[in-house]
Amino acid sequence: MKHWLVKTEPSVFSIDDLKKVKITLWDGVRNYQARNFLKSMKKGDLVLIYHSNDQPVGVAGMAEVFKEAYPDPTQFDKKSEYFDPASTKENPRWACPDLKYVDKFKRIVALQELREDPKLTNLILLKRGSRLSVTPVAADEFRRIVKLANG
DNA sequence: GCCAACGTTGGC
DNA sequence: GCCAACGTTGGC
């Protein structure tokens, strides 16, 4: 089983929203590297939910892969902000998995804490200039972050 | 709102 | 294939 981290702006879709709807398609990712990570997610993989553009920014909870990646419907929707005129049904460009709510952490594990933790120096999220919205997380890094969340 | 660090586009 | 211009992300 693999572990991942996905970013979301809580003003658009937060861990509370996920808790409410239980299962959601993780749509709108329009970056090839991030898409490739979404495509390699397997059912049952665990996913950290990271809140960006928030106060504070950090890891807010956990989800699991409920359904493996399939063509992202928003790429065909002319009314969607994620519409991609270059994408066809025969050869869809973008994909999304379904994620299922697992847990909202009792507290946010702030970006600053992640940076300051000596066990997390290799976290891809922290690599200089990494703006990827989907990144793999090593099993021990994942456990460490969950431990931080539980105080 | 600013701006660094990208990723993408398109002319050549 | 190069690279300048432009757009986006996301922390601060």
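Structure: above.
Rules used in this analysis
- Throughout, residues of each chain are indexed from 1 in the direction in which the sequence is written.
- Just so you know, chain letters begin at A and ligand numbers begin at 1, following the order they were written in.
- Selection of residues for local features in this predicted model requires a pLDDT of at least 70, selection of side-chain atom pairs for listing and counting requires 80 or more, and totals for whole chains, interfaces and linings are taken over all residues.
- Only hydrogens and water are set aside when side-chain values are computed; all heavy atoms of the structure are taken into account.
- One heavy atom within 4 Å of a molecule or strand is enough for the residue carrying it to be called near that molecule or strand.
- Two N or O atoms form a polar contact when they lie within 3.5 Å of each other; inside protein one atom must be a possible hydrogen donor and the other a possible acceptor, and for residues adjacent in sequence the pair counts only when both atoms belong to side chains.
- Here the term buried applies to any residue with accessible area under 20% of the maximum for its type, exposed to any over 50%, and partly exposed to those in between, with areas from a 1.4 Å probe on protein chains only.
- Helix numbers and strand numbers start at the N terminus; a helix is a DSSP run of H or I with at least 4 residues, a strand a run of E with at least 2.
- As used here, the arc belongs to the directions running from the helix axis to the C-beta atoms.
- We call two residues contacting when some pair of their heavy atoms lies within 4.5 Å.
- Note on pairing: two strands pair once DSSP finds at least 2 bridges between them.
- Fitting a line to C-alpha atoms yields each axis, with helices limited to the stretch in contact; the angle taken between N-to-C directions then spans 0 to 180 degrees.

Novice: Talk me through the protein's contact with DNA strand C; I want residue IDs and the actual numbers.
Specialist: Around DNA strand C, a shell composed of K7, Y50, S52, N53, V57, L111, R115 and R131 is seen. The share of sugar and phosphate among atoms of DNA strand C within 4 Å of the protein is 71%. Between DNA strand C and K7, the relevant distance is 3.1 Å, taken from a phosphate oxygen to a side-chain nitrogen or oxygen of the residue. One of the backbone N or O atoms of N53 is found 3.2 Å from a phosphate oxygen in DNA strand C.

Novice: Now, about helix α2 (residues 32-39): what can you tell me, with residues and values included?
Specialist: Taken together, the buried positions of α2 are occupied by A34, R35 and L38. Seen end-on, α2 carries its buried residues on one side only, within an arc spanning 100 degrees. Those residues of α2 hidden inside the fold are in contact with β4 (58-71), β5 (95-110) and β6 (134-137). The N-cap of α2, judged by a side-chain oxygen 3.0 Å from the amide nitrogen of Q33 a few residues on, is N31.

Novice: Which residues make up helix α4 (residues 139-149), and what values go with them?
Specialist: For α4, the set of buried residues is E141, F142, R144, I145, V146, L148 and A149. In the segment just after α4, G151 is the residue with positive phi, at about 70 degrees.

Novice: Which residues make up the sheet that holds strand β2 (residues 23-25), and what values do they have?
Specialist: Pairing is mixed across the open sheet formed by six strands, whose spatial order is β2-β5-β4-β3-β1-β6. This sheet does not close on itself; its edge strands, each paired only once, are β2 and β6. Strand after strand, the sheet turns through a mean of 35 degrees between neighbouring axes, direction not considered. Pairing of β2 with β5 involves three bridges; the strand directions are antiparallel. In the strand pairing of β5, I23 is matched with K100. Each of β1 (3-8), β4, β5 and β6 touches α2; the most contacted strand, β6, lies at about 50 degrees to it. Along the sheet, α4 makes contact with β1, β3 (46-51), β4, β5 and β6, crossing β5 at roughly 45 degrees.

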